[in-house]
Amino acid sequence: MPPLVGVAPGVVTLKINGVDCSARDDQTVLEVAREQNIHIPTLCHLEGLESVGGCRLCLVEIQGMRGLVAACVTKVTEGMEVQTSTPQIEAYRKMIVQMLFTERNHVCSVCVSNGHCELQDLAVEMGITHVEIPYLFPKCELDASHPRFVLDHNRCVLCQRCVRVCDEIEGAHVWDNQGRGIHCRVVTGLDEPWITSDTCTSCGKCVHVCPTGALFEKGRSAGEMAKKAPQLPYLQNIRKGAARG
Amino acid sequence: MARTILIDNVTRIEGHGKITINLDDSGDVADARFHVTQFRGFEKFAQGRPFWEMPSLTARTCGICPVSHLVASAKACDELLAVRIPRVAADLRRVINLAQILQSHALSFFYLSSPDMVMGYDSDPARRHILGVAQDDPQLAADGVKLRSIGQKIIEILGGKRIHPAWVVPGGVNDPLSVDERDKILAMLPEGFEIMKRTLSWFKGAVGSFQEQIRTFGNFPSLFMSLVASGRLEARKGELALYEGWLRFTNENGEIVRDDVDPRRYDEVLGEAVEDSSYLKSPYYKPMGYPDGMYRVGPQARLNNIIGTGEPLSNVEFMEYREMYRDSLNSSFHNHHARLVEMLFCLEKIQHLLNSKHIMDKHCRALAEPNELEGVGVSEAPRGTLFHHYKIDENGIIQWVNMVIATGNNSLAMNRSVTQVAREYVKADRLQEGMLNRVEAVIRCYDPCLSCSTHAIGHMPLDITLLAPDGRVLDHLRRDA
Ligand code: SF4
Ligand code: SF4
Ligand code: FES
């Protein structure tokens, strides 16, 4: 095996919620917290994909830093003092989850992902029993043109996992974003029906990394779409190996 | 001077009904109407959704008989898949449909209607509810609670969730039955049979004192529509069929007017009128036109239409029922007795199905892509025949939906019944408790699936306004739940 290129990582010590930890300096706060069994909620992050810091659910407080930062994209440094849960952080997280619900149309009781949904789990975890901000009720379309899969924008949280897995792991780059802010939508090809994509290999990775009922297999009824998260770190290593080899 | 008496229900949970009674110049009832302002946008917001979602989605039409919608919807989806579902899947769906009818009938008979029967239609409304029954006839009340819970538990065992089970899916059911589940259900049935024996004998003893109700509750000629067994499957042609069959229409004399209608072609025999006074569509039998083609559905209609139930105990009861009411075939009051016969049938049929060899088969779902762009699913719900009709595009996205719900089938007949009762009991512009109760009671014969009519405890909350033709309020009465 060829030697790894680059500088060998250094070791740092830091405190998370008052607990002393040591870590490699190329690790993120999220990775170190998880090693220490300290829970930080996440949504867009998925092990094996590049983190984008999109959803902001993993917000943490770091002494000396202005504002809150996303733990999934913040590297640890020597002497860092991290708080993963404060009343302010909890309030922000709750607000984020509520906004995700109001931006699209989530009808859990009839959703294919009911009972197997990361957004739903977050709401449960945070004790969100009702939403305090008004729903936007956007009119969203479905793309059911693919013979095996369906995209339902009504349930999309714009986490970009589908975009990243398709690009980074499958190498097909079928998915991308279009529009900004609340008008942002994931698209296939150049915003064409999925079926017309020349690069889609129908591997289904996007479906299985999608945390909600936005991507699902055809023929599933309410609550029947349990995702089988692919072994991404493994696939990622294979790709790295292939690239080097 | 012509006047209007308005009975307006004030609690609005899911849907609510109100009743207007129009008096003519001499103070007699000219006409009465049961207004149903139930939300009907459903057919609209299903558009654009994948059809696989329809069973769960349509089950939300109704919190009281979701299983019936699940079944009709899944059958419509089977048609879209163009598959014949495994036999065990059909039988398991039958079982859950029977359990639904059992629990719904138990709610209607024991909780909602027995207080009137036990305590009298003019008794103190403050006591006239299931808790009052529990004081006057503890056995009857306990039986009602028990029987309903048997139905609910069966649904829970099969469907996982009692109110909105997502177990019934296009192509079959999503989980086979386990031995344990089967035995649990079978073990509950003997008590149900005991209860039915007691209740039937109580009712048959008491029915003599309800002659006035039999005479005045929806006793008018009309057609009766229901599914009956087609004779192609295990049942004999013309027997009681709650899951599948062909449509039969009989008339006020019990004669068959039309038979063997494939329910997929319902729109050839049923027309739908939308009246201003109600959001509920008023279907009618097309060959006779509107409104002469008025027909009734539900327990009484089913028993009027069949030659037998196909199960031993309920068949004996059915024969007796038929004999007893030979001369009053048209009274909607018989719905109560018919519910009892059907509950007994449900218990027998569930037992029968669960004891069959193939009920434990593991292959309980047919998988397919949509192969047809249009599908109709029909079944008998507790309150009558239920139709789901969908059109999809080639990707399986819903383009168009039509549903004819059981309560809707009865809407013309309910108006007629309310008019009949009002004629009998409203003679002056004074609003009397007894009159209200009877209007309420006749509506309950049809057991319409509106929350207002199904208050488990207590009576319907009522708000009655007496209006002059110019809209002036002459009198106002209010009764809270
Ligand atoms: S995607 Fe998740 S949160 Fe959204 S409707 Fe489906 S189950 Fe509910
Ligand atoms: S479709 Fe799913 S995976 Fe893709 S952005 Fe939306 S929620 Fe994330
Ligand atoms: S998980 Fe860190 S921003 Fe989404």
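**Student:** What should I look at first to understand the overall build of chain A in this one?
**Tutor:** Within chain A one finds 6 helices and 10 strands. What you see for chain A is a C-alpha radius of gyration of 19 Å, in line with the 18 Å of a compact globule of 245 residues. With the C-alpha coordinates of chain A rotated into their principal frame, the extents come out at 55 × 50 × 30 Å. Here chain A, with 245 residues, has 48% of them falling under the buried criterion. Of all intrachain contacts in chain A linking residues separated by at least 6 positions in sequence, the fraction that spans at least 24 positions is 62%. A total accessible area of about 12,500 Å² is found for chain A, and carbon and sulfur atoms account for 54% of it. Distance between charge centroids for chain A: 2 Å, based on 24 positive and 28 negative side chains.

**Student:** What should I look at first to understand the sheet that holds strand 2 (residues 19-24) of chain A in this one?
**Tutor:** Think of a sheet as strands paired side by side through backbone hydrogen bonds, with each pair either parallel or antiparallel. All names here are of chain A. Taken in spatial order, the 5 strands make up an open sheet running 2-1-5-3-4, and their pairing is mixed. Two strands lie at the open edges of the sheet, namely strand 2 and strand 4 (69-70), each paired on one side alone. Both strand 1 (residues 11-16) and strand 5 (residues 81-83) contribute to a ladder of 2 bridges, which runs parallel. Note on strand 5: the bridge partner recorded for lysine 15 is glutamate 81.

**Student:** It is not clear to me how helix 7 (residues 179-206) of chain B should be interpreted in this structure. Could you clarify?
**Tutor:** The periodicity of an α-helix, 3.6 residues per turn, causes residues three or four places apart in sequence to face the same way. Residue and element names in this part refer to chain B. End to end, helix 7 covers 41 Å across 28 residues, agreeing with the expected 40 Å (1.5 Å per residue, within 8%). Turning to helix 7, its buried residues number three or more, namely Ile185, Leu186, Met188, Leu189, Gly192, Phe193, Ile195, Met196, Thr199, Leu200, Phe203 and Ala206. The secondary structure elements touched by the buried residues of helix 7 are helix 4 (87-119), helix 6 (138-159), helix 11 (312-324) and helix 12 (334-354).

**Student:** Even after reading the chapter, I still don't get the pattern of salt bridges, so can you show me in this structure?
**Tutor:** If charged atoms from side chains of opposite charge come close, those side chains can pair. Under the criterion given, the structure shown has 28 salt bridges over all chains. Where lysine 15 of chain A meets aspartate 20 of chain A, a salt bridge forms, and the shortest distance between an N and an O atom there is 3.6 Å. By relative accessible area, which is 31% here, lysine 15 of chain A ends up partly exposed. Since its relative accessible area comes to 57%, aspartate 20 of chain A is described here as exposed. Close ionic contact of glutamate 320 of chain B with lysine 204 of chain B constitutes a salt bridge, the shortest N to O distance being 3.0 Å. With glutamate 320 of chain B in helix 11 and lysine 204 of chain B in helix 7, this pair connects stretches of sequence that are 116 residues apart. In this structure lysine 204 of chain B comes out as partly exposed when scored by relative accessible area, which is 23%.

**Student:** For this particular structure, what's the right way to read helix 11 of chain B?
**Tutor:** Taking 1.5 Å of rise per residue, 13 residues should cover 18 Å, and helix 11 of chain B covers 19 Å from first to last C-alpha, within 8% of that figure. Packed against the buried residues of helix 11 of chain B are helix 7, helix 10 (299-305) and helix 12 of chain B.

**Student:** Honestly, the confidence of the model for chain B in this entry has me stumped. Any pointers?
**Tutor:** A low pLDDT means the predicted coordinates there should not be read in detail. All names here are of chain B. This prediction gives chain B a mean pLDDT of 84; 82% of its residues lie at or above 70. Note on residues 8-16: pLDDT under 50 across the span, and 30 contacts to partners over four residues away in sequence or across chains. The model gives residues 451-458 a pLDDT under 50, and that stretch makes 29 contacts with residues more than four places away or in other chains. Here the complex is predicted with pTM 0.85, and the ipTM for its interfaces comes to 0.78.

**Student:** Just checking my understanding: could you explain the interface of chain A and chain B for this structure?
**Tutor:** It is common to report an interface's size as the accessible area lost on association of the parts. Residue-level contacts link 16 residues of chain A with 16 residues of chain B. Summing the contributions of chain A and of chain B, the shared interface buries around 1,300 Å²; its carbon and sulfur component is 51%. For the interface between chain A and chain B, the tally reads 3 salt bridges. Note that arginine 155 of chain A and glutamate 53 of chain B form a salt bridge whose closest N and O atoms lie 3.9 Å from each other. Inspection of the region where chain A meets chain B yields 5 residue pairs in polar contact (both at pLDDT 80 or more). A class-by-class count of the residues in the side of chain A that touches chain B yields 5 nonpolar, 6 polar and 5 charged.

**Student:** Where do I start with the site of ligand 1 in this structure?
**Tutor:** Around ligand 1, 13 residues are found, and the nearest of them are His106, Cys108, Cys111, Cys117 and Gly213 of chain A. Split into classes, the residues belonging to the shell around ligand 1 amount to 6 nonpolar, 6 polar and 1 charged.

**Student:** Please clarify how the packing of aromatic side chains should be interpreted in this entry.
**Tutor:** How two aromatic rings sit relative to each other is set out by the distance from centre to centre and by the angle between their planes. All names here are of chain B. One pass over the full model with this rule turns up 16 aromatic pairs over all chains. For the pair phenylalanine 109 and tryptophan 202, a centre-to-centre distance of 6.5 Å together with 85° between the ring planes defines the contact as edge-to-face. Placement of the pair is phenylalanine 109 in helix 4 and tryptophan 202 in helix 7, with a sequence separation of 93 residues. We classify tryptophan 202 as partly exposed; its relative accessible area is 24%. Seen from their ring centres, phenylalanine 109 and phenylalanine 203 are 5.9 Å apart, and the 65° between their planes marks the pair as edge-to-face. Taken together, the residues span a long stretch of sequence, with phenylalanine 109 in helix 4 and phenylalanine 203 in helix 7 at a distance of 94 residues. Taking relative accessible area as the criterion, phenylalanine 109 reaches 0% and is therefore assigned buried. Owing to a relative accessible area of 1%, phenylalanine 203 belongs among the buried residues under this scheme. What links up through ring pairs into an aromatic cluster is the set Phe109, Phe110, Trp202, Phe203, Phe210, Phe217 and Phe333. Stacked on the ring of phenylalanine 220, the Lys or Arg arginine 296 has its end atom at 4.2 Å from the ring centre. Directly above the ring of phenylalanine 220 sits arginine 416, whose terminal nitrogen or CZ lies 5.3 Å from the centroid.

**Student:** Quick question: what am I supposed to make of unusual backbone geometry here?
**Tutor:** One can expect most non-glycine residues to show negative phi and most peptide bonds to be in trans. Of note, the bond from tyrosine 290 of chain B into proline 291 of chain B is cis; its omega dihedral lies within 30 degrees of zero at 0°. Look at histidine 173 of chain A: it is not a glycine, yet its phi comes out positive at around 45°. Its place among the elements puts histidine 173 of chain A in the loop between helix 4 (161-169) and strand 8 (175-178). Histidine 173 of chain A sits in the partly exposed class, given a relative accessible area of 38%. Positive phi is not limited to glycine here, since aspartate 191 of chain A has a value of about 60°.

The rules behind these values
Residues numbered from 1 in each chain as written. Chains lettered and ligands numbered in written order. Predicted model: local features only at pLDDT ≥ 70, side-chain atom pairs only at ≥ 80, totals over all residues. Heavy atoms only, no water. Helix = DSSP H or I, 4+ residues; strand = E, 2+ residues; numbered from the N terminus. Rg over C-alpha atoms; globule rule 2.2 N^0.38 Å. Buried < 20%, exposed > 50% of the residue type's maximum accessible area, 1.4 Å probe, protein only. Contact = heavy atoms within 4.5 Å. Areas by Shrake-Rupley, 256 points an atom, 1.4 Å probe, with all protein chains shown as cover. Lys, Arg positive; Asp, Glu negative; His and termini not counted. Charge placed at Lys NZ, Arg CZ, Asp CG, Glu CD. Pairing = 2+ DSSP bridges. Expected span 1.5 Å × (residues − 1). Salt bridge = Lys/Arg side-chain N within 4 Å of Asp/Glu carboxyl O. pLDDT = per-residue confidence, 0-100. Buried area = accessible area lost by both parts, 1.4 Å probe. Polar contact = N/O pair within 3.5 Å; in protein donor to acceptor, adjacent residues only side chain to side chain. Nonpolar A, V, L, I, M, F, W, Y, C, P; charged D, E, K, R; others polar. Near = heavy atom within 4 Å. Phe/Tyr/Trp six-rings, centres within 6.5 Å; stacked < 30°, edge-to-face > 60°. Lys NZ or Arg CZ within 6 Å of the ring centre and 35° of its normal.

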